[in-house]
Amino acid sequence: MPPPKFGLAKTEKVMEMTGGRCWYCGDPAGVIDRVLATTHGGSDNYGNLVPACAPCAARKGDCKIEEFRARLALRNGWRFTAAQTAYLASLNMTLPPAPAVTFFFEREGLRSRPAPVPG
Ligand SMILES: [Zn+2]
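Given the structure is predicted, the values throughout are model-derived calculations rather than measurements. (Residues numbered from 1 in each chain as written. Predicted model: local features only at pLDDT ≥ 70, side-chain atom pairs only at ≥ 80, totals over all residues.)

### Thoughts on the nonpolar core
Residues Cys 22, Trp 23, Tyr 24 and Ala 52 are the most contacted members of the largest nonpolar core, which totals 16 residues. Looking at this core, the elements that each hand over two or more residues are strand S2 (49-52), helix H2 (54-60) and helix H5 (104-107). Looking at which element gives the most residues to this core, the answer is S2, with three residues. When sequence neighbours within four positions are dropped, the list of residues in contact with Tyr 24 reads Ala 52, Cys 56, Lys 60, Phe 103 and Phe 104. (Core = buried A, V, L, I, M, F, W, Y, C linked by C-beta atoms within 7 Å. Buried ≥ 20, exposed ≤ 12 C-beta atoms within 10 Å, placed from the backbone. Helix = DSSP H or I, 4+ residues; strand = E, 2+ residues; numbered from the N terminus. Contact = placed C-beta atoms within 7 Å.)

This is the structure we're talking about:
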């Protein structure tokens, strides 16, 4: 097994945030994910690191949390991307509500630390 990407002590501390559950879905976590990807200026500070399961980390990729939520809504049957939804709204088109996607950390009332999770 390869050494943890962020070091053992940091990995254990991040995993403690959720008791080893995925920040996004609540399944057992196996990796550490940056909430804000390095491509968007995210750091390796504790406030930006969360436990994640491999499927959520892969699905999220480097997109921001609300983009990830929109991506999951598409998986749940929603037909429009965030850009398409905004465009249709600008035409005053009324759309049915998108399927609600609530992340594990929201259901549990968890917060990243020390900084709030960037949108
Ligand atoms: Zn997950």
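Moving on from the coordinates now.
### What to know about the environment of Gly 26
With respect to the secondary-structure elements, Gly 26 resides in the loop between helix H1 (8-16) and strand S1 (31-34). The class of Gly 26 is partly exposed, set by 16 C-beta atoms lying within 10 Å. For Gly 26 and Cys 53, which are 27 residues apart along the polypeptide, the C-alpha to C-alpha distance reads 8.3 Å. The residues contacting Gly 26, other than those within four sequence positions of it, are Arg 21 and Phe 104.

The values are spatial; any link to function lies outside them.
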